[in-house]
There are 4 protein chains.
Amino acid sequence: MPITSSLAKSSPAATPSGLNEARGCMQVLYSAVRSETLKRASPLSAEDQCLQSMPDASPTKWHLAHTSWFFEAMLLRPYLPGYRPFDERYFYLFNSYYDALGARLARAERGLISRPSLDEVHAYRRRIDNDMAQLMEQSDASLWQRICPLIMLGLNHEQQHQELLLTDIVHALWRNPLRPAYLAPADQSPLPKGHAREPRWMDFPGGLAPIGHEAGGEDLFAFDNETPRHTVLLQPYRLCDRLLTCGEYAEFIDDGGYAQPRFWLSDGWAMVQQQGWRAPIYWSRPDGAREPEDWRVYGLNGSLPLAASEPVTNLSFYEAAAYAEWAGARLPTEFEWEAAAADPRIDQACGHAWQWTRSSYDPYPGFRPTPGATGEYNGKFMVGQMVLRGSSLATPSGHARTTYRNFFPPAARWQFAGVRLAKDGKS
Amino acid sequence: MPITSSLAKSSPAATPSGLNEARGCMQVLYSAVRSETLKRASPLSAEDQCLQSMPDASPTKWHLAHTSWFFEAMLLRPYLPGYRPFDERYFYLFNSYYDALGARLARAERGLISRPSLDEVHAYRRRIDNDMAQLMEQSDASLWQRICPLIMLGLNHEQQHQELLLTDIVHALWRNPLRPAYLAPADQSPLPKGHAREPRWMDFPGGLAPIGHEAGGEDLFAFDNETPRHTVLLQPYRLCDRLLTCGEYAEFIDDGGYAQPRFWLSDGWAMVQQQGWRAPIYWSRPDGAREPEDWRVYGLNGSLPLAASEPVTNLSFYEAAAYAEWAGARLPTEFEWEAAAADPRIDQACGHAWQWTRSSYDPYPGFRPTPGATGEYNGKFMVGQMVLRGSSLATPSGHARTTYRNFFPPAARWQFAGVRLAKDGKS
Amino acid sequence: MPITSSLAKSSPAATPSGLNEARGCMQVLYSAVRSETLKRASPLSAEDQCLQSMPDASPTKWHLAHTSWFFEAMLLRPYLPGYRPFDERYFYLFNSYYDALGARLARAERGLISRPSLDEVHAYRRRIDNDMAQLMEQSDASLWQRICPLIMLGLNHEQQHQELLLTDIVHALWRNPLRPAYLAPADQSPLPKGHAREPRWMDFPGGLAPIGHEAGGEDLFAFDNETPRHTVLLQPYRLCDRLLTCGEYAEFIDDGGYAQPRFWLSDGWAMVQQQGWRAPIYWSRPDGAREPEDWRVYGLNGSLPLAASEPVTNLSFYEAAAYAEWAGARLPTEFEWEAAAADPRIDQACGHAWQWTRSSYDPYPGFRPTPGATGEYNGKFMVGQMVLRGSSLATPSGHARTTYRNFFPPAARWQFAGVRLAKDGKS
Amino acid sequence: MPITSSLAKSSPAATPSGLNEARGCMQVLYSAVRSETLKRASPLSAEDQCLQSMPDASPTKWHLAHTSWFFEAMLLRPYLPGYRPFDERYFYLFNSYYDALGARLARAERGLISRPSLDEVHAYRRRIDNDMAQLMEQSDASLWQRICPLIMLGLNHEQQHQELLLTDIVHALWRNPLRPAYLAPADQSPLPKGHAREPRWMDFPGGLAPIGHEAGGEDLFAFDNETPRHTVLLQPYRLCDRLLTCGEYAEFIDDGGYAQPRFWLSDGWAMVQQQGWRAPIYWSRPDGAREPEDWRVYGLNGSLPLAASEPVTNLSFYEAAAYAEWAGARLPTEFEWEAAAADPRIDQACGHAWQWTRSSYDPYPGFRPTPGATGEYNGKFMVGQMVLRGSSLATPSGHARTTYRNFFPPAARWQFAGVRLAKDGKS
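Owing to the predicted nature of the structure, the values given are computational and were not obtained by experimental measurement.

What counts and how
- Residues numbered from 1 in each chain as written.
- Chains lettered and ligands numbered in written order.
- Predicted model: local features only at pLDDT ≥ 70, side-chain atom pairs only at ≥ 80, totals over all residues.
- Heavy atoms only, no water.
- Helix = DSSP H or I, 4+ residues; strand = E, 2+ residues; numbered from the N terminus.
- Rg over C-alpha atoms; globule rule 2.2 N^0.38 Å.
- Buried < 20%, exposed > 50% of the residue type's maximum accessible area, 1.4 Å probe, protein only.
- Contact = heavy atoms within 4.5 Å.
- Areas by Shrake-Rupley, 256 points an atom, 1.4 Å probe, with all protein chains shown as cover.
- Buried area = accessible area lost by both parts, 1.4 Å probe.
- Salt bridge = Lys/Arg side-chain N within 4 Å of Asp/Glu carboxyl O.
- Polar contact = N/O pair within 3.5 Å; in protein donor to acceptor, adjacent residues only side chain to side chain.
- Nonpolar A, V, L, I, M, F, W, Y, C, P; charged D, E, K, R; others polar.
- Least-squares fit on C-alpha atoms with pLDDT ≥ 70 in both.
- Pairing = 2+ DSSP bridges.
- Axes fitted to C-alpha atoms, helices over the stretch in contact; angles between N-to-C directions.

*Asks:* What should I look at first to understand the overall build of chain A in this one?
*Replies:* Along its length, chain A carries 10 helices and 12 strands. A globule of 427 residues ought to have a C-alpha radius of gyration of about 22 Å, and chain A, at 22 Å, matches this closely. Reported as C-alpha extents along the three principal axes, the dimensions of chain A are approximately 65 × 55 × 40 Å. Split into buried and exposed, the 427 residues of chain A put 57% on the buried side. Partitioning the intrachain contacts of chain A with sequence separation of at least 6 by distance along the chain shows that 78% fall at a separation of at least 24. Here chain A has roughly 16800 Å² of accessible surface; of this, 52% comes from carbon and sulfur atoms.

In structure tokens:
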């Protein structure tokens, strides 16, 4: 994303022109990110955008409003002199989980917000955009130093919600028995046929590896959970050079993968039994059908025949780990993944499917959350979740990087999350 | 409703003109009822009409579709030659609870149906109306004999959903923290002030009383649960000549009514404790406020100051019975109510608030459900519910009658249900 | 029970010898009832007596203590001068549901009371018995008038718990995969074989019928819910002259009774689906077995082959009503049952199985609970329950009468509750 | 534990006398461990031993039986020729979670097992002990090689249940409103008074640290989750030289620790709100009391005044982490803990309270579960749990070691789990 490079190279503190350049770059970036959100919502009706299909997922309209609220709460209220809120009550409605910013609507109730209407939420977004433009315009070098990281955070935050907007609406539309598609397939081009090429195992020697975001490095922005950069000692390991495919996962199912506890972690097996898991959440076969080619898979383009060569997605960590066990392999740790991600032998590192790792989401040594309300962004979730690395087909362009730590609870199935297998290497 | 009188007096079987007259009356009635449903939905946006706030309540859009489905399922599919469904899948989506008519969408999932869109549901309604017009037009005297009672059932069914449409949307909008109004108050005329006149106790001697719908009587239509007409022996009793008011109910609250188990049935007291009931569902007072005039009451016109002289509504049976106990009175039985309803000394019998009775919803002696799918209309709910009599401000014009048996579970609070007190008489 | 006749005929107020006679009779009765409770507990170990298998059921030990607590709370504390409690904390532990008597252990926690030990509870019972003997001994005619009805209530209360003791322990032992028997079959005499005689339909003309307990009548004691005696108008009806048998119920199962919603009340069908009901709670067949003779039925004597000619028990109201619907009959109302109970043509009215009626448990006209804490005995449960009439094999001798109103929620399955069929008569 | 040293030094494979010596040592060890279990149960009545207060906790009697089942399932059935089970059904009743060994009683139902009686369970234990003696006696050197590690596993397994036996019964007796003590305080010696000495911060330089059990090292036995031994790179850190005390924790409470979300992980704060946490599970203060000295703490000796200088126990991970946040410190990682545990500057490493670490329970690099059913011992729980290090007052003598990895879900509060604080060091 060249604009972020320009932004990185600009010197707002040094000269007025540097400040102007930085402001200009940021305005371009801001507009690009904000319009992408609307673009993702555009195939959906106002009714669609009001749906909440489970407490973990939010209505599209709520995503539109909450991402605007973030700029209001973190930037406009603290830094724009004379700021007048669009609607005071939105501060309550569209707070997600920031305890420092007061009470908020319960998560499971977001689907009850038919009002404000979608039109009003669009008006809210426009007001926030105007006020943000004014804030950027007015800021001097000193203020810019303070707000620039927050704007970057707000934009990256919005990009995260762009992905959630898609995963959430796919879940909601899938709950509709008509199984409507978010977007009809663009053309009549046939789905990819046949199986993927054989995977290859790539050896990595282990040893000391730098992990985490490097301040002043290539990536202008990183979340606090990617810091501090530190060194980790790795054992030799092997990584599969491509992602696990739907066709491969279908073999696991047909070999009784969901019927044999020995492949599963204890909590995973409990889910299989309690929830009646028999296949990935969006897979279905007609009653009585038993062939791999009978599978249909629901996704952004509705229900389609299983494409055997495509990366499998929408797995929980439990399913990912059970597959690995069945295959005589394991999931990589997040450190193994990061140390190998830039290796040219590794395909599909980003842009296809998030990759569950065998690492719990623990803080890095020396981690401290950023001060203030933004400190609630990551740190307080560091328990009970697993790290995913890479990025998916739904991740906005420019958002991924090799140090990125995505995280979800191990039972979460509605993300575009798949598998890259690993094995111990020879020491 | 003069049209039903005309309908009652027409003789479709005897002469062609009688048949024509009957058809014409029915068409007028059909149009009037169907358009009232749309009128009630008209203040609501498509987003509003998609909301489901609890499993017991349905989205407005679902009411629009289900009432049409009823005509499709009971009349068009069985009786219109060459009938072609608008959409086969609607048969699954908009069945409410008719097991004889196959599988259906789970009740709690109705709020997930963003598609079909509201526009599509409107188109569905129009198709049903056209096809119903065709069916009525085409029917000969013999067919008319069969379909006429079913059309009447369909229209009365739709009227019930007209009331539910309002009670359900009030609940849904009340769940929105912005507390939007279904309909803003029509004018700036002040709310009624002051307290209601003192209630009077009217004596009734009891004795043998005919109960239930009289075939061939004044009311052209009745539900099967109002039959067979039979005689009941009543003890002497007294009825209050008006409904319980909000002001009177506020005294119960301020006397500790929700804090003392001795007024409550055991199941009611369990609800008070588990659900934290402190007042009727839609009543609220600011923290720390303790005066009766501090109450605000949410309803069709949003949140308004308590009108002390108005009938209290939105009580559960448990609250109604607890009030009566506190007041040294009791609720009337449904038979006491019916035997007195036409007495001119009794005010507010209909049109203000449904009146909880002390009668469980049991079948009348000799009751048999109507054969076929319509037999599921009433009979299968005859356990675990209490009878309400009268009708409410939300009941459509022409729908109420003195033999009408409404019923809800004793914990239901979202109906316009209030109290008429009774006492034992002197024998 | 001759002793109650003597008690009824004694004149404690008139003469000292009358008082002595009354005291003596009551002492005999008291001892008989109290020892029966211990007798019923005697086959059980201390471990068994501590079990609670669901919130609705109580441990045997708790029954032993609570029945003693009742005498303490209603008689000793108010009436025995200088009464010193055995243990103040028992007042909290062994209160069942009397709000007027203060806080109490939550119902679902009764199984956690390993202490007091069974030995301590036995000691508590002995202390209560001694103190009750002293109270009866000391009372003069005036006090006797007050305590005599309360002692009678306490003894009838204890008899109710004698039945619950059995139904509760059967449920608890059934939950043990070893399926131990409360009592091994007494001898090796074979179970009754073959089917019951054909049932006969007995006609009753209906008309005005006196219902409820008659003060001064044959039955010395009745609960307040059996009063006031009043007249009910009945339509002509028919009653089956014997109870429904296990063999007959097995036909319903094998005809798909649990698979077809049309036989079931709506709430009943919901239970069938949610709870996976396929047969009465205590019936089981080996996997794959499909013959009626494959059924085994668990009960007081453990798991035994189904005895086709025996009355079916442990049905819920929903199952009872579904059977009746399947059989083209119905359940009787409680009034039909009572009006016919003394008719010599009616077999098995008492002593075999409680008989579900089609009557909700509503108050009789003019019903008022007794004043004080004993008023919580019956009245506050008069919603959401169905009336059962007759009595069962587990009902203590002398406890049943034709006006007796037993009641349970319609889903309750752990009682010895069966079916007597009814039909409408010809008017 | 000298016996294990002898065992370690014996050479069963080399010489007959070596085998004899090994057998003898093991018999002594076996008897010592097995009798300790009975000793811990001995203060409890049969009724106490039947209690289950939550699904996570098991009845004492179940612990007695399950630990015997372990020897039966892992040793006697596979290795003792002609082994005849005491009762085939126990194999179902007393399996805990070994899927490879077939179906089992649901965890939450263990409290319903009044039969087998405690006496029968004692008899079962004796039979297992006799058969185990026979197995050890009969084994030749080759068999000994196979069974010796399994016996060691069985004994360490039993020691884990010895601790659980105590934590489970404390929870069960605490649920009894009488709050009976497992064991009355041994004497009248006063509780420790006053506050603990000031804690000191000990510096550790970090660097490469060996982690995990060393085969052939000092500890004869370790669980598979402590392997493989590997090297970890640590940053400099500081550890508190003693455990957190009750007095210190009381300051956190009185400073509003349970009222301010900013100290809590998100899932922890959700528990505080949903469960109404206001203090550690076993702490209570009379209504209105607000002083630290008003606290009473329930434990093995019943309810006692808070001893301010004693280590706090029975914290969840959430509470431990919230305290650390409040105190401006953090919890140590399990690697920091292990690397420092043998340092003489560190007090109370073992024998007082398990110490929550900031490490999720992930597998060590290269970890593989042991083959067969014993492989389910640890590996399948490696998700959703946090590691605890050290040992507690309830841990049996000889069971703890510095590489030991205990683990519980972050919300678990019924263990003797406390806190040792850590901080980042200076690099």
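*Asks:* Mind showing me how you'd approach the arrangement of the chains here?
*Replies:* Nothing in chain A touches chain C, and the closest approach of their C-alpha atoms is 14 Å. What separates chain B from chain D at the closest point of their C-alpha atoms is a distance of 14 Å, and the two make no contact.

*Asks:* Looking at this model, I keep getting lost on the interface of chain A and chain B. Mind explaining?
*Replies:* In many analyses, interface size is given as the accessible surface area lost on bringing the parts together. Contacts between chain A and chain B engage 30 residues on the former and 30 residues on the latter. Summing the contributions of chain A and of chain B, the shared interface buries around 2400 Å²; its carbon and sulfur component is 56%. Summed over the shared surface of chain A and chain B, the number is six salt bridges. At the surface where chain A touches chain B, the tally comes to 12 residue pairs in polar contact (both at pLDDT 80 or more). Mapped onto the side of chain A that touches chain B, the elements with two or more residues apiece are α4 (90-93) and α6 (141-175) of chain A. Across the side of chain A that touches chain B, the residue classes break down as 17 nonpolar, six polar and seven charged.

*Asks:* Can you walk me through the interface of chain B and chain C in this structure?
*Replies:* Residue-level contacts link 31 residues of chain B with 32 residues of chain C. When the two sides are added together, the surface that chain B and chain C hide from each other amounts to roughly 2300 Å², 54% of it contributed by carbon and sulfur. It is Leu233, Arg358 and Val383 of chain B that lose the most area in chain B upon contact with chain C, and together they represent 22% of the buried surface on that side. At the boundary of chain B and chain C, one finds four salt bridges. Between Arg368 of chain B and Glu325 of chain C there is a salt bridge, with the nearest N and O atoms lying 3.4 Å from each other. The tally of links between chain B and chain C comes to eight residue pairs in polar contact (both at pLDDT 80 or more). Elements with a minimum of two residues in the side of chain B that touches chain C: β3 (230-234), α8 (266-275), α9 (317-326) and β8 (354-360) of chain B.

*Asks:* Mind showing me how you'd approach the relation of the copies chain A and chain B here?
*Replies:* Structural alignment of chain A on chain B gives an RMSD of 0.0 Å, achieved by rotating through 180° and translating 0.0 Å along the axis. The relationship between the two copies is best expressed as a two-fold rotation axis. Among all residues of chain A, the minimum C-alpha distance to the rotation axis is found for Glu47 of chain A, at 2.5 Å.

*Asks:* Explain the sheet that holds strand β4 (residues 237-240) of chain B to me, please; I cannot follow it from the model alone.
*Replies:* To summarise the sheet geometry, strands pair through backbone hydrogen bonds and adopt either a parallel or an antiparallel arrangement. Residue and element names in this part refer to chain B. Spatial ordering of the open sheet is given by β1-β4-β12, a layout of three strands whose pairing is antiparallel. In this open sheet, the two edge strands, each paired with only one partner strand, are β1 (201-204) and β12 (422-424). Going across the sheet, the axis of each strand differs from the next one's by a mean of 25°, ignoring polarity. Note that β1 and β4 share four bridges and pair antiparallel. Across the sheet, Phe204 pairs through a bridge with Tyr237, a residue of β4.

*Asks:* Which parts of the structure should I look at to understand helix α9 (residues 317-326) of chain C?
*Replies:* The α-helix winds at 3.6 residues per turn, so residues separated by three or four positions along the chain end up facing the same way. Residue and element names in this part refer to chain C. Here α9 lies mainly inside the structure; eight of its 10 residues are buried. Restricting attention to buried positions, one finds in α9 the residues Phe317, Tyr318, Glu319, Ala320, Ala321, Ala322, Tyr323 and Ala324. Here the buried face of α9 lies against α7 (246-254), α8 (266-275), β8 (354-360) and β9 (386-389). At the exit of α9 stands Gly328, carrying a positive phi of roughly 70°.

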